[in-house]
Amino acid sequence: GQSLEQPSEVTAVEGAIVQINCTYQTSGFYGLSWYQQHDGGAPTFLSYNGLDGLEETGRFSSFLSRSDSYGYLLLQELQMKDSASYFCAVGQAGTALIFGKGTTLSVSS
Amino acid sequence: DAGVIQSPRHEVTEMGQEVTLRCKPISGHNSLFWYRQTMMRGLELLIYFNNNVPIDDSGMPEDRFSAKMPNASFSTLKIQPSEPRDSAVYFCASSSPRGLRETQYFGPGTRLLVL
């Protein structure tokens, strides 16, 4: 079978750094993606890791360790507008993305 | 460029009625995905098409659900008959053959309420 685990909720204050972890169990794995979804909106693509290591895009970074079946999304210099749900998603050979249940991030002032 | 277009944006119907959701992918994208999102089950893949051909429909809940993609610019998801448990937000997404398959562009969704 396949499964993805990520925390359901995370809270932080403006300016802080937060890390959202994702562990997965799947066959035919080829990469880990992250999506952001604001309340009432559609998911939007944030980042992709096909290889082990860190990918940086502005204030956001994403990490993958294939040997540990683990990845994380790191958000720095948090802003109120970062309050949203964050989904990790695994890419599998032969099919489309499988999404985790999402982590709700609440940023307070 | 226009993004993924979905219609209707909201649908309220009664149990037993037929519901048809529509999607226009981004021009030039050759993969199209239908997802359903609920609080309980999260974001679930229902079906995806590549070059208008259904590749994986294992997520389609049951025979009441059907999806078609008659051409590269249009897809439908039909529920017949609808049931209250079908109430959810239905997203359509598309991706480009020239980019990462993992980069999916989502439409605004159709919020379906079955009474």
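Fair warning: this is a prediction, and the values are worked out from it, not measured in the lab.

Quick word on the pairing of strand β2 (residues 9–13) of chain A
Residues and elements named next belong to chain A.
Alright, step 1. Residues Val10 and Ala12 line the buried face of β2, whereas the alternating positions Glu9, Thr11 and Val13 sit on a face that is not buried.
Alright, step 2. Bridging between β2 and strand β11 (residues 103–108) involves 5 bridges; their strand directions are parallel. Bridge assignment links Thr11 to a residue of β11, and that residue is Ser106.

With respect to the interface of chain A and chain B
Alright, step 1. Each side of the interface is counted separately: chain A has 19 residues, and chain B has 21 residues.
Alright, step 2. Both faces considered, chain A and chain B share a buried interface measuring about 1500 Å² in area, 57% of it formed by carbon and sulfur atoms.
Alright, step 3. In this structure, the connection of chain A to chain B is made through 0 salt bridges.
Alright, step 4. If you look at where chain A meets chain B, you find 3 residue pairs in polar contact (both at pLDDT 80 or more).
Alright, step 5. Where the side of chain A that touches chain B is concerned, the elements lending two or more residues are β4 (29–37), β5 (44–49) and β9 (84–92) of chain A.
Alright, step 6. Per element, the largest residue contribution to the side of chain A that touches chain B is 4 residues, and it comes from β4(A).
Alright, step 7. Residues belonging to the side of chain A that touches chain B are distributed by class as follows: 11 nonpolar, 7 polar and 1 charged.

Considering the packing of aromatic side chains
Alright, step 1. Taken as a whole and judged by the stated rule, the model has 14 aromatic pairs over all chains.
Alright, step 2. Measuring from ring centre to ring centre gives 5.4 Å for Phe99(A) and Tyr35(B), while their planes differ by 90°; the resulting arrangement is edge-to-face. Taken together, the positions of Phe99(A) in strand β10 (residues 98–99) and Tyr35(B) in strand β4 (residues 31–38) put the pair across two chains. Side by side, Phe99(A) and Tyr35(B) carry an identical accessibility label, which is buried.
Alright, step 3. Aromatic rings pair up to connect Tyr35(A), Phe45(A), Phe87(A), Phe99(A), Phe33(B), Tyr35(B), Tyr48(B), Phe91(B) and Phe106(B) into one cluster.

Observations concerning a nonpolar patch on the surface
Alright, step 1. The grouping of Val12(B), Leu113(B) and Leu115(B) at the surface amounts to a nonpolar patch, some 290 Å² of accessible area in total.
Alright, step 2. Structurally, the position occupied by Leu115(B) is in the segment after β11 (110–114).

Side note on unusual backbone geometry
One can expect most non-glycine residues to show negative phi and most peptide bonds to be in trans.
Alright, step 1. The step from Ser7(B) to Pro8(B) runs through a cis peptide bond, and the omega angle for that step is -10°.
Alright, step 2. By secondary structure assignment, the location of Pro8(B) is in the loop between β1 (5–7) and β2 (10–13).
Alright, step 3. Across the junction of Gln80(B) and Pro81(B), the peptide omega takes the value -5°, indicating a cis bond.
Alright, step 4. On the secondary structure map, Pro81(B) appears in the loop between β8 (74–79) and β9 (88–95).
Alright, step 5. If you check the backbone angles, Glu77(A) has positive phi at about 45° while not being a glycine.
Alright, step 6. Its location among the elements puts Glu77(A) in the loop between β8 (70–75) and β9.
Alright, step 7. The phi torsion at Asn51(B) lies on the positive side, around 50°, for a residue other than glycine.

Looking at the pairing of strand β7 (residues 60–65) of chain A
All names here are of chain A.
Alright, step 1. Of all 6 residues making up β7, 5 are buried, and the element is well covered by its neighbours.
Alright, step 2. Here 5 bridges tie strand β6 (residues 53–57) to β7, and the two strands are oriented antiparallel to one another. Note that in β7 the partner of Glu56 across the bridge is Ser61.
Alright, step 3. Here β7 pairs with β8 via 6 bridges, running antiparallel.

What to know about the layout of surface pockets
Alright, step 1. Within this model, the largest pocket holds a volume of roughly 590 Å³.
Alright, step 2. Along its surface, the largest pocket is lined by 23 residues, and Gln37(A), Ser85(A), Phe87(A), Gln37(B) and Met39(B) are the ones closest to its centre.
Alright, step 3. Counting residues per element, the ones that place at least two in the lining of the largest pocket are β1 (3–5), β9 and β11 of chain A together with β4 of chain B.
Alright, step 4. Per-element accounting of the lining of the largest pocket gives the leading share, 3 residues, to β9(A).
Alright, step 5. Residues that form the lining of the largest pocket fall into these classes: 5 nonpolar, 13 polar and 5 charged.
Alright, step 6. What the second largest pocket holds in volume is close to 360 Å³.
Alright, step 7. In terms of lining residues, the second largest pocket is bounded by 20 residues, among which Ile98(A), Phe99(A), Leu43(B), Glu44(B) and Leu45(B) are the most central.

Rules behind the numbers
- Residues numbered from 1 in each chain as written.
- Chains lettered and ligands numbered in written order.
- Predicted model: local features only at pLDDT ≥ 70, side-chain atom pairs only at ≥ 80, totals over all residues.
- Heavy atoms only, no water.
- Buried < 20%, exposed > 50% of the residue type's maximum accessible area, 1.4 Å probe, protein only.
- Helix = DSSP H or I, 4+ residues; strand = E, 2+ residues; numbered from the N terminus.
- Pairing = 2+ DSSP bridges.
- Contact = heavy atoms within 4.5 Å.
- Buried area = accessible area lost by both parts, 1.4 Å probe.
- Salt bridge = Lys/Arg side-chain N within 4 Å of Asp/Glu carboxyl O.
- Polar contact = N/O pair within 3.5 Å; in protein donor to acceptor, adjacent residues only side chain to side chain.
- Nonpolar A, V, L, I, M, F, W, Y, C, P; charged D, E, K, R; others polar.
- Phe/Tyr/Trp six-rings, centres within 6.5 Å; stacked < 30°, edge-to-face > 60°.
- Patch = residues over 30% accessible without salt bridge, like charges linked within 9 Å, V, L, I, M, F, W, Y side chains within 5 Å.
- Areas by Shrake-Rupley, 256 points an atom, 1.4 Å probe, with all protein chains shown as cover.
- 1 Å grid on protein atoms, 1.4 Å probe; cavity = no way out; pocket = protein on both sides within 12 Å on 5 of 7 lines; lining within 4 Å.
- Points joined across faces, edges and corners; volume = space filled by probe spheres on them.

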